[in-house]
Amino acid sequence: MTEQKSRKSPFSAKLVLIALAAGLIAGAVAVYVKNAVYGNGMGEIAAASQCKAAAETAKRLKPLAIGEVAAFIPAEKPRKLPNLAFRDIDGETSLAALSGKTVLMNLWATWCVPCREEMPALDRLEADMGSDAFEVVAVNIDTGTDEKPVRFLEDIGIQSLAFYRDETMATFNTLKKQGLAFGLPSTVLIDENGCLLGAMNGPAEWDSADAKALVGAAVGG
């Protein structure tokens, strides 16, 4: 009888190696996608810790979103906002530069009729409640030079609001991606740690008793 020697096919070994490599790659991709979409746990825990106080404040704001500020939507899960960049009279600045203050950030443009109509109320709110603990930050997003927004603010007699500007519209686009800005005017209320307290799309009587009660609760929180 002729003795037959068994030999392992070189192809079977290669298939095993390929399968192992594919499994490792698939596992790595799955972990990456999970972290990218759902977070890696640690980041979520850190964010929740940073905005723990904001979550309590946002709860207190819910019953105050009435009357002139009924369209204000308190944040269900306050989160740290990106460090929004814009300009002031001295040059480049950002949300981080306002750390320690509760901020009512309003995005507006000279071509937006409701924006123009609510600007005096924002100016009066800043005059009445502006302090080291609170500021109305009205950011103009007109394209082009500063001439048109500056002239508009002078024409309507704005006295208390500081001049803020972002002709790149990056601030608006960032808030739009965050689901907070859908048109103009858009307003976000941010606590002293840069955490979102709530947002509102559309104009409001910001110097009304309803608005002042809302802002007062945010600052006091």
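Cut-off values and rules
Residues numbered from 1 in each chain as written. Predicted model: local features only at pLDDT ≥ 70, side-chain atom pairs only at ≥ 80, totals over all residues. Heavy atoms only, no water. Salt bridge = Lys/Arg side-chain N within 4 Å of Asp/Glu carboxyl O. Helix = DSSP H or I, 4+ residues; strand = E, 2+ residues; numbered from the N terminus. Buried < 20%, exposed > 50% of the residue type's maximum accessible area, 1.4 Å probe, protein only. Core = buried A, V, L, I, M, F, W, Y, C linked by side-chain atoms within 4.5 Å. Contact = heavy atoms within 4.5 Å.

**Student:** Is there a simple way to explain the pattern of salt bridges in this structure?
**Tutor:** Opposite charge on two side chains makes pairing possible when the charged atoms of those side chains draw close. This model, assessed by the stated rule, comprises nine salt bridges. One salt bridge in this structure joins D207 and R124, with 2.5 Å as the shortest N-O distance. Residue D207 is found in the loop between β8 (196–201) and α7 (209–220), and its partner R124 is found in helix α4 (residues 113–129); the two are separated by 83 residues along the sequence. The class for R124 is partly exposed, based on a relative accessible area of 40%. A salt bridge links R151 to E147, with the shortest nitrogen-to-oxygen separation between them at 3.4 Å. Taken together, the residues span about one helical turn, with R151 and E147 both in helix α5 (residues 147–155) at a distance of four residues. Through salt bridges with shared partners, a single ionic network connects R87, D146, R165 and E167.

**Student:** It is not clear to me how unusual backbone geometry should be interpreted in this structure. Could you clarify?
**Tutor:** When glycine is set aside, most residues are seen to have a negative phi, and most peptide bonds are trans. In this model, L184 is joined to P185 through a cis peptide bond whose omega is -5°. Take P185: it is sitting in the loop between α6 (170–177) and β7 (186–190).

**Student:** What am I meant to see in the nonpolar core here?
**Tutor:** Most often, soluble globular proteins have nonpolar side chains that are buried together. M105, M119 and W206 are the most contacted members of the largest nonpolar core, which totals 56 residues. Those residues in contact with W206 that lie beyond four places of it in its chain are V69, L104, E118, A121, L122, L125, T187, M200 and A211.

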